[in-house]
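# Fold and contact review
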Amino acid sequence: MGIQDLKLSIEDLPLKSNFSFLPLIENLKQEVERDGASAVAVKDVLERLKEVPELMESSIDLECIHRNQEMVDRLLRFVIPFTATQERISVLTLPFDLEQFYCTQKYREVFEDSSKELNVQRGFLDPKWELYTKIMHAYIIILRQFYNCDLWVDNLFMYQLKDKYNGLENFFKVDVLAHSIDIKVLGELKALTKDEIYSLINKPFDVDAWLEMLPLDNFEFNGFLQLDFIDVTQLEVVSVLKTELLEKSSIVNPQKLKNLEKHVRSLLGLPNVKLGLIALHMNDGILENRSEFWKGFLNPSQFTCSDYQNSFYAQSLQKGETLLLNDLSQKKNPSVVEQGLLDQGIRNISVTPLFYEEELVGLLELGSTQAYDINFTLLKKIHEIIPVFSMAVKRSSEELFNRIQATIKEECTAIHPSVEWRFEDAAGRLLLHRDLGESTKMEEIVFHEVHPLYGAVDIRHSSMERNKTIKEDLVEQLNLASHVLKAAFELNAMPIYEQLIYKIEKLIDRLEKGLSTGDENSILNFLQSDVECLFEHIEKSDSRLKKNVQNYKQNLDSELKIVYKRRKAFEDSLMMINDCIIGYLDREEEKSQMMYPHYFEKYRTDGVEHNIYIGQSLVQGKQFNRIYLKNLRLWQLIVSCEISRLTHKLKPELPIPLDTTALILVHSQALSIRFRQDEKKFDVDGAYNIRYEIVKKRIDKALIKNTKERLTQPGKLAVIFSQEQEMVEYRRYLEYLIDKGYFEDKIEVLELEDLQGVYGLRALRVTILHQSNEKEILTVANELKLND
């Protein structure tokens, strides 16, 4: 049930209350009995109060306040001291009523200024929200007074104070203090068990359940409430900035960038501040703007990167730190860029380099028309959001770079150089038809009679390893949270701590049995929403607990805010393997293009797969011969072997040692490939040829016939085929490579279990030799005279 389902209205609210000073007077009498520091002054006021008996009634009205204002002021000095009225933004109101009978001087200065506009934020003008917050604050007081239970409810109201003239905004939350409220039970107080209390606490929005369990009309509230307005401008604006910067077009869309500038002005309290962002880079000391992303103060069509070279912009990027110029107009011999800023009226400016994962991605400008407006104390306020600006600039500059490339290729894609000529021909014909006024679209690009080669290097048991690391990280984070709660429970045996500890133990037990779909999200949501939200209270409740909370936070990843140790180790290992494979493939593939041009593509999975197509239709001006196909097949075997050797050698250096498997699929029939305009990639063409794609997707799980053994194994290379002549050809290649020291002298010939829709597959499998062939290397070195 949600708040919008409430059936009650404000008029039907079953809250019985009386405006009275009696709870305050009782507190003051206790102060006299304690003989506290203010006992003498309190005693004097209580004596004077006897002369105004109507203020001591169990229920009074505002007219009574007005008639006895001087005495009321004396009485309220013990609620809000005179010195605090100049600093504290507070009001005193009737119980559960926004009608106030007292406010501090600071409140008047802030909220009664005609130049300011006050708004309730976040949509809480809804009467149901007003009703809900009154009900919950009533229950907070009831639970605290009668059931020894502190219920925490987040502030439902946020006030925005906007300057009508300069647009600066301030935000205030409201703390409700009930120390001058006393509750009278009408009838017999209902006994509630701990389980009943916590069943209510776990259903904060099910107001009907609360009203049924603890009817409010059984209680009478006497006294008054104190509302303290707390300035949370920095927290609120930083939160809004983070949220908006995470939006895709946050710094590209002019209106959204203007909103960001408005928020920065409110954060700094400077109405004249301007915000600029530039994707500047340093390359061997030279400034570059590779992506053309430029939302800076100066127009890029009038100023080039070389103009910035001898300015404080370059100094900031070289040093990697913020530079601040208090008054540009006082600088002698300003550079071209600095003069351009002055021409725009900017006198005070700071520039901050933006780094993303230690890579320089750009620069943030803050400028003002007033000298000395910006200072380093103010700049500390935006320190927290600099990483988010960095991420936004990185993302936007990459997106813009990709758009530029897409525009260059128009309706095509980033095409492989071997087939670029074909796209150029098609584009030329398209433009010719358009110039003639004909309505047409780009012709379909198909290459017929090409021979496919497919290979894959996969990470062994990658899904199991990933799930294992996720489970271990989750268990560690749960244990860390449990340690904090247990320490807190030892010092303050609050039932909520015990209940959360119990739930954590249950979650750990469940994880030990295995990780299920959705476990990660549900556990992290539980930790963030139910546990971590208590840490601030735990730290403040006892200084001895601060170390426990800090230990928890220190074990979290600084960006993800979760334990991310083993998962990071796994992802780093996976990345190291893939980077190793891709780096080697890129180098060798560049050499292989010199044998005969062919289409090549690779893509990351949990490992790296590659597709190769070779044939006459792909090449312009060079005759195709099957010798090039045979040569490429032999090259693929050697490359697959060398990749396995490299990943085996890399294994000891990995944070988590992972094994790789290697396979090659042989398909001797030529096929056609078609460029898919919708997906911007090549796919095989024709129903018969689609079988080739189906086989590719399923062979990595293939089992040896009549066994449970997977074909692909660490340290081995599997070559899958379906035709006898394919086996004969590849057996010759493997025998040659065995002689050259690539594989052990044994070739397994295996039948495979049928796969879904795929039958009759067989395989050759060889064991890779990982040791170096020292004799051959020395021989080559002598021939090249490398040992001289």
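Residues numbered from 1 in each chain as written. Predicted model: local features only at pLDDT ≥ 70, side-chain atom pairs only at ≥ 80, totals over all residues. Heavy atoms only, no water.

Quick look at the nonpolar core now. Residues Leu637, Ile673, Ile699 and Phe743 are the most contacted members of the largest nonpolar core, which totals 77 residues. Here this core gets 9 residues from one element, more than from any other, and that element is helix α23 (residues 626–650). With near-sequence residues (within four places) excluded, Phe743 lies in contact with Leu637, Cys641, Leu717, Leu734, Leu737, Ile738, Val766, Thr767, Ile768 and Leu769. Judged by nonpolar contacts, the second largest core, of 65 residues, contains Ile140, Trp210, Leu480 and Met494. (Core = buried A, V, L, I, M, F, W, Y, C linked by side-chain atoms within 4.5 Å. Buried < 20%, exposed > 50% of the residue type's maximum accessible area, 1.4 Å probe, protein only. Helix = DSSP H or I, 4+ residues; strand = E, 2+ residues; numbered from the N terminus. Contact = heavy atoms within 4.5 Å.)

Looking now at the packing of helix α17 (residues 462–491) against helix α22 (residues 566–592). Viewed as axis vectors pointing N to C, α17 and α22 meet at an angle of 155°, and their least axial separation amounts to 7 Å. With respect to their mutual orientation, α17 and α22 come out roughly antiparallel. Contacts between α17 and α22 involve Ser462, Glu465, Arg466, Thr469, Ile470, Glu472, Asp473 and Glu476 from the first element and Arg566, Arg567, Phe570, Glu571 and Leu574 from the second. Of the residues assigned to the contact of α17 with α22, the class counts are 3 nonpolar, 2 polar and 8 charged. (Axes fitted to C-alpha atoms, helices over the stretch in contact; angles between N-to-C directions. Parallel < 35°, antiparallel > 145°, perpendicular 65-115°, else oblique. Nonpolar A, V, L, I, M, F, W, Y, C, P; charged D, E, K, R; others polar.)

Inspection of helix α4 (residues 69–76) places Met71, Val72, Leu75 and Leu76 among the buried residues, and these make up the whole buried set. The buried residues of α4 all sit within an arc of 130° when viewed along its axis, so they share a single face. Where α4 is buried, its residues meet α1 (22–34), α2 (39–49), α3 (62–67), β2 (90–93) and β3 (100–103). (Arc of directions from axis to C-beta.)

We now examine the sheet that holds strand β8 (residues 219–223). If you walk across this open sheet you meet the 3 strands as β1-β8-β7, and the pairing is mixed. Either end of the sheet is taken by a strand with one partner, and the two such strands are β1 (16–19) and β7 (181–185). Sheet twist, expressed as the mean angle between neighbouring strand axes with direction ignored, is 20°. Here β7 runs beside β8; their pairing, made up of 5 bridges, is antiparallel. Looking at the pairing, Ile183 lines up with Phe221 of β8. (Pairing = 2+ DSSP bridges.)

Where β2 and β3 come together, 3 bridges link them in antiparallel fashion. What sits directly across from Val91, in β3, is Cys103. In this antiparallel pair of consecutive strands, β2 and β3, the connection spans 6 residues, and Phe96 shows a positive phi of 55°.

Running from amino to carboxyl end, α17 crosses helix α18 (residues 495–512) at an angle of 160°, the nearest separation of the two axes being 9 Å. Regarding the angle of α17 to α18, the classification is roughly antiparallel. Once α17 is placed against α18, the crossing between them reads as left-handed. Judged by residue contacts, Lys471, Leu474, Val475, Leu478, Asn479, Ala481, Ser482, Leu485, Lys486, Ala488 and Phe489 of α17 engage Tyr497, Glu498, Leu500, Ile501, Ile504, Glu505, Leu507, Ile508, Leu511 and Glu512 from α18. Among the residues making up the contact of α17 with α18, the classes are represented as 14 nonpolar, 2 polar and 5 charged. (Left-handed = near helix turned anticlockwise from the far one by under 90°.)

Turning our eyes to something else, we now look at the environment of His451. Looking at the element boundaries, His451 is found in strand β17 (residues 446–459). When its relative accessible area of 8% is taken as the criterion, His451 is described as buried. A C-alpha to C-alpha distance of 7.1 Å links His451 and Ser668, two positions 217 residues apart in sequence. Discounting residues that sit within four places of it in the chain, His451 has contacts with Ile612, Tyr613, Ile614, Phe624, Arg626, Leu629, Ser668 and Ala670.

Attention now moves to the side chain of His263. Position of His263 relative to the elements: it lies in helix α10 (residues 254–268). His263 gets classed as buried once you look at its relative accessible area, which sits at 8%. Setting aside its immediate chain neighbours within four residues, His263 contacts Glu169, Val237, Val240, Leu241 and Glu244.

Let us look at the pattern of salt bridges. Under the criterion given, the structure shown has 41 salt bridges. One salt bridge in this structure joins Asp473 and Arg566, with 3.1 Å as the shortest N-O distance. Pair noted here: Asp473 is in helix α17 and Arg566 is in helix α22, with a separation of 93 residues, a long-range link. Across the pair Arg765 and Glu709 runs a salt bridge, and its minimum N-O distance is 2.9 Å. Of this pair, Arg765 sits in strand β25 (residues 762–768) while Glu709 sits in the loop between α24 (687–698) and β23 (716–721), and the two are 56 residues apart along the sequence. Glu709 sits in the partly exposed class, given a relative accessible area of 33%. Via salt bridges that share partners, Glu472, Asp473, Glu476, Glu520, Lys565, Arg566 and Arg567 belong to a single interconnected network. (Salt bridge = Lys/Arg side-chain N within 4 Å of Asp/Glu carboxyl O.)

With that out of the way, let us pick up the pairing of β2. Going residue by residue along β2, you find Ser90 and Leu92 tucked away on one face and Val91 and Thr93 tucked away on the opposite face as well. Here 4 bridges tie β2 to strand β9 (residues 225–231), and the two strands are oriented antiparallel to one another. Across the sheet, the residue bridging to Ser90 is Asp228, located in β9.

When you line up the elements, Lys394 lands in helix α15 (residues 386–409). Aside from chain neighbours lying at most four places away, what touches Lys394 is Tyr356, Glu359 and Val361.

To continue, consider the packing of aromatic side chains. Applying the stated criterion to the full structure yields 20 aromatic pairs. Here Phe146 and Phe219 contribute two aromatic rings whose centre-to-centre distance is 6.0 Å and whose plane-to-plane angle is 35°, an arrangement assigned as tilted. In this pair, Phe146 is assigned in helix α6 (residues 127–146) and Phe219 in strand β8, connecting sequence segments 73 residues apart. A residue is classified by how much of its surface remains accessible, and Phe219, at 3% relative accessible area, is buried. (Phe/Tyr/Trp six-rings, centres within 6.5 Å; stacked < 30°, edge-to-face > 60°.)

Let us now look at the confidence of the model for the protein chain. With 86% of its residues at a pLDDT of at least 70, the protein chain reaches an overall mean of 83. Of the regions scoring below 50 in pLDDT, residues 773–788 engages in 8 contacts with residues more than four places distant in sequence or in other chains. (pLDDT = per-residue confidence, 0-100.)

Attention shifts here to unusual backbone geometry. Here the phi dihedral of Asn333 falls at roughly 50°; this positive angle occurs in a residue that is not glycine. As for its position among the elements, Asn333 is in the loop between β14 (323–325) and α13 (336–343). For Glu357, which is not a glycine, the phi torsion comes out positive at approximately 50°. Residue position: Glu357 is located in the loop between β15 (348–356) and β16 (359–368). What makes Glu357 exposed here is its relative accessible area of 64%.

Turning our attention to the sheet that holds strand β13 (residues 294–295). Spatial ordering of the open sheet is given by β13-β10-β16-β15-β14, a layout of 5 strands whose pairing is antiparallel. The sheet is open, and its two edges are formed by β13 and β14, each paired on a single side. Relative to β16, strand β10 (residues 274–278) runs antiparallel, the two being bridged by 5 bridges. Each bridged residue has a counterpart across the sheet, and for Leu275 the counterpart in β16 is Leu366. Taken strand by strand, α10 contacts β10, β13 and β16, and its axis lies near 125° from that of β10.

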